[in-house]
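Read off the chains here:
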Amino acid sequence: MDLQYNISLKPYNTFGIDVAASAFVTIDDEDQLAQLTDLAKGKKIYVLGGGSNILLAHPVDGLVVQNKLKGIALVKEDDAHVWLQVQAGEVWHELVLYAIEHGYGGIENLALIPGTVGATPMQNIGAYGVEARETIDSVMAWNWKKKELVTYTNAQCAFGYRDSIFKNALKDKVFITSVTYKLNKVPRFNTSYGAITEQLEAMGVKELSIQAIADAVIAIRTSKLPNPAVIGNAGSFFKNPTITKKHYEELLQTNEQIPSYPVSDTHIKVPAGWLIEQCGWKGHKEGQTGVHAKQALVLVNYGKATGEEVWQLSQKIVDSVHERFGIELEREVQVW
Ligand code: FAD
Ligand code: NAP
């Protein structure tokens, strides 16, 4: 293993924040995991995938472990399903393309989400009406303290909306080494999410397929979202908040246009992007950072922003949304 000291993390995070890590190592073999605790010399270990959901608010005083574990294996099959065990360092979108090529359905709506397979259970990635938890069968992870591999069933992962046990009880305690997905041989199409149907129509699709759905999702995402290769960002900075029905009805009295999606009999999801826009932040620029002009949920780095600057802007947004709507926004990105 090639241990490097005091290196810039700028190429390793999609926000493009330039801070140093005191130590950095890349691993491509599970057997290397046992040595990492010693290598960290008592300092914190930070697991790095594609760096597309982190905000580097400060220099990283610890060992950053870049995950390059690769491999896809078909481990089980029946008439209706296949189980693919995928090493955590595989690029998520490449897995989506692999599944489509083999005719395996279930993850096509999640096309073009940046990052690695190992991060997908972390926040139960989701888009266009589908969440990773619907296809994750189990997760294998190395426990730093116990120095052993542990398998977590889907139920043990405690998945929630952009949430899982890996963001909570197991935060910083494990390195996810592989994820086993249960995919459908006979696809069940999910086009219920707004823009997909319109996009399929615009593309002139006559016969629905997982390929067509992925193509539609890719087209929508490419037109709406800022490309991190062009302008630094980490996707949605905040989660969509869930509020009580009573709170929603109170807000409705002074905000007739407030969009809403019921999540249960008692709770309603409100798009954070709408709340932020209403507070006047959309397109706002502040020094080297700002709120994207087309998508208020995305904070951007215009080139030389510091993590601290982005954090300060996010705090102002949290405060103004709280003041106007009484809703506390929660950051989706992981802050290092
Ligand atoms: P990183 O950013 O490298 O890591 C994120 C967190 O997970 C860190 O705390 C890290 O320590 C931890 N982690 C990563 N790998 C492991 C591992 N193997 N073991 C233990 N912990 C680990 N997300 C969505 O849900 N839906 C979207 O539609 C979506 N769209 C996006 C669009 C853009 C343009 C961008 C930039 C981001 C988007 N995201 C979206 C967020 C992001 O892509 C996902 O959260 C993705 O899963 C992060 O993967 P990563 O490998 O880059 O993780
Ligand atoms: P959008 O379609 O403009 O919708 C705005 C918000 O309303 C979304 O966040 C979505 O919540 C919610 N929504 C829309 N239609 C819905 C429906 N039929 N049922 C329930 N909720 C609905 O969103 P967008 O910003 O262009 O993003 C499209 C999808 O990609 C969303 O699913 C979004 O989560 C995902 N995405 C995520 C990230 C990220 O970094 N996490 C970045 C870009 C896009 P949900 O977010 O709960 O779906």
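Structure: see above.
Everything in this summary refers to the structure shown in the same document. Note that this is a predicted model, so its numbers are computed, not measured.

1. Some remarks on the overall build of the protein
The helix and strand inventory of the protein stands at seven helices and 20 strands. Its C-alpha radius of gyration of 20 Å places the protein within 12% of the 20 Å reference for a compact globule of 336 residues. Expressed as lengths along the three principal axes of its C-alpha atoms, the size of the protein is roughly 60 × 50 × 35 Å. The buried share among the 336 residues of the protein stands at 50%. If you sum the accessible surface of the protein, you get close to 15,800 Å²; carbon and sulfur atoms cover 49% of it. Computing the positive centroid from 32 side-chain charges and the negative centroid from 38, the protein places the two 4 Å apart.

2. Structural notes on the packing of helix H2 (residues 92–102) against helix H4 (residues 210–224)
At their nearest, the axes of H2 and H4 sit 9 Å apart, and the two run at 150° to each other. Between H2 and H4, the angle falls in the class roughly antiparallel. Once H2 is placed against H4, the crossing between them reads as left-handed. Residues His 93, Ala 99 and Ile 100 of H2 form the contact with H4, whose own contacting residues are Ile 210, Gln 211, Ala 214 and Ile 218. Its residues assigned to classes, the contact of H2 with H4 comprises five nonpolar, two polar and no charged.

3. What about the site of ligand 1?
Residues in contact with ligand 1 amount to 33 residues; listed here are only the nearest, Val 47, Gly 49, Ser 52, Thr 116 and Arg 221. Backbone polar atom of Gly 49 to an oxygen atom of ligand 1: 2.7 Å apart, as the coordinates give it. A distance of 2.9 Å is found between an oxygen atom of ligand 1 and a backbone nitrogen or oxygen belonging to Pro 114. In isolation ligand 1 has 980 Å² of accessible area, and contact with the protein removes 94% of it.

4. What to know about the site of ligand 2
Of all residues adjacent to ligand 2, which total 17 residues, the nearest are Arg 162, Tyr 193, Lys 269, Gln 295 and Glu 332. Here an oxygen atom of ligand 2 and a side-chain polar atom of Tyr 161 are 3.0 Å apart. In this structure, Tyr 261 approaches ligand 2 through a side-chain N or O atom, which is 3.4 Å from a nitrogen atom. Residue composition of the shell around ligand 2, grouped by class: seven nonpolar, five polar and five charged. Both domains that meet at the shell around ligand 2, namely domain 2 (72–184) and domain 3 (232–335), each give it at least three residues.

5. Here's the deal with the environment of Tyr 248
With respect to the helices, strands and loops of the structure, Tyr 248 is situated in helix H5 (residues 245–254). With twelve residues separating them in the primary sequence, Tyr 248 and Ser 260 have C-alpha atoms 8.5 Å apart. Not counting residues up to four positions away in its chain, the partners in contact with Tyr 248 are Ile 243, Ile 258, Ser 260 and Ile 268.

6. As for the side chain of Thr 120
Looking at where Thr 120 falls in the secondary structure, it is placed in the loop between H2 and strand S8 (126–127). In contact with Thr 120, not counting residues within four places along its chain, are Trp 92, Ile 125, Ala 132, Ile 136, Val 179 and Tyr 181.

7. Describing the sheet that holds strand S17 (residues 285–286)
Strand order across the open sheet formed by four strands is S13-S19-S18-S17, with antiparallel pairing between neighbours. The sheet is open, and its two borders are formed by strand S13 (232–236) and S17, each paired with just one other strand. Pairing analysis gives three bridges linking strand S18 (residues 289–291) to strand S19 (residues 298–301), with the strands arranged antiparallel. Paired with Thr 289 across the bridge in S19 is Asn 301. Docked against the sheet, helix H7 (residues 307–325) engages S17, S18 and S19, running at close to 30° with respect to S18.

8. Focus: the pattern of salt bridges
Between side chains of opposite charge, a pair can form when the charged atoms approach closely. The full count for this structure, using the stated rule, is ten salt bridges. Here Lys 185 ties to Glu 77 by a salt bridge, and the two come within 2.8 Å at their closest N and O atoms. Placement of the pair is Lys 185 in the loop between strand S12 (174–184) and helix H3 (195–202) and Glu 77 in strand S6 (residues 72–77), with a sequence separation of 108 residues. Here Glu 250 and Lys 246 are joined by a salt bridge, their closest N and O atoms 3.3 Å apart. You can see Glu 250 and its partner Lys 246 sitting in helix H5, four residues apart, about one turn around the helix. Residue Glu 250 is classed as partly exposed on the basis of its relative accessible area of 44%.

Calculation rules
Residues numbered from 1 in each chain as written. Chains lettered and ligands numbered in written order. Predicted model: local features only at pLDDT ≥ 70, side-chain atom pairs only at ≥ 80, totals over all residues. Heavy atoms only, no water. Helix = DSSP H or I, 4+ residues; strand = E, 2+ residues; numbered from the N terminus. Rg over C-alpha atoms; globule rule 2.2 N^0.38 Å. Buried < 20%, exposed > 50% of the residue type's maximum accessible area, 1.4 Å probe, protein only. Areas by Shrake-Rupley, 256 points an atom, 1.4 Å probe, with all protein chains shown as cover. Lys, Arg positive; Asp, Glu negative; His and termini not counted. Charge placed at Lys NZ, Arg CZ, Asp CG, Glu CD. Axes fitted to C-alpha atoms, helices over the stretch in contact; angles between N-to-C directions. Parallel < 35°, antiparallel > 145°, perpendicular 65-115°, else oblique. Left-handed = near helix turned anticlockwise from the far one by under 90°. Contact = heavy atoms within 4.5 Å. Nonpolar A, V, L, I, M, F, W, Y, C, P; charged D, E, K, R; others polar. Near = heavy atom within 4 Å. Polar contact = N/O pair within 3.5 Å; in protein donor to acceptor, adjacent residues only side chain to side chain. Domains from an automatic or database assignment. Pairing = 2+ DSSP bridges. Salt bridge = Lys/Arg side-chain N within 4 Å of Asp/Glu carboxyl O.

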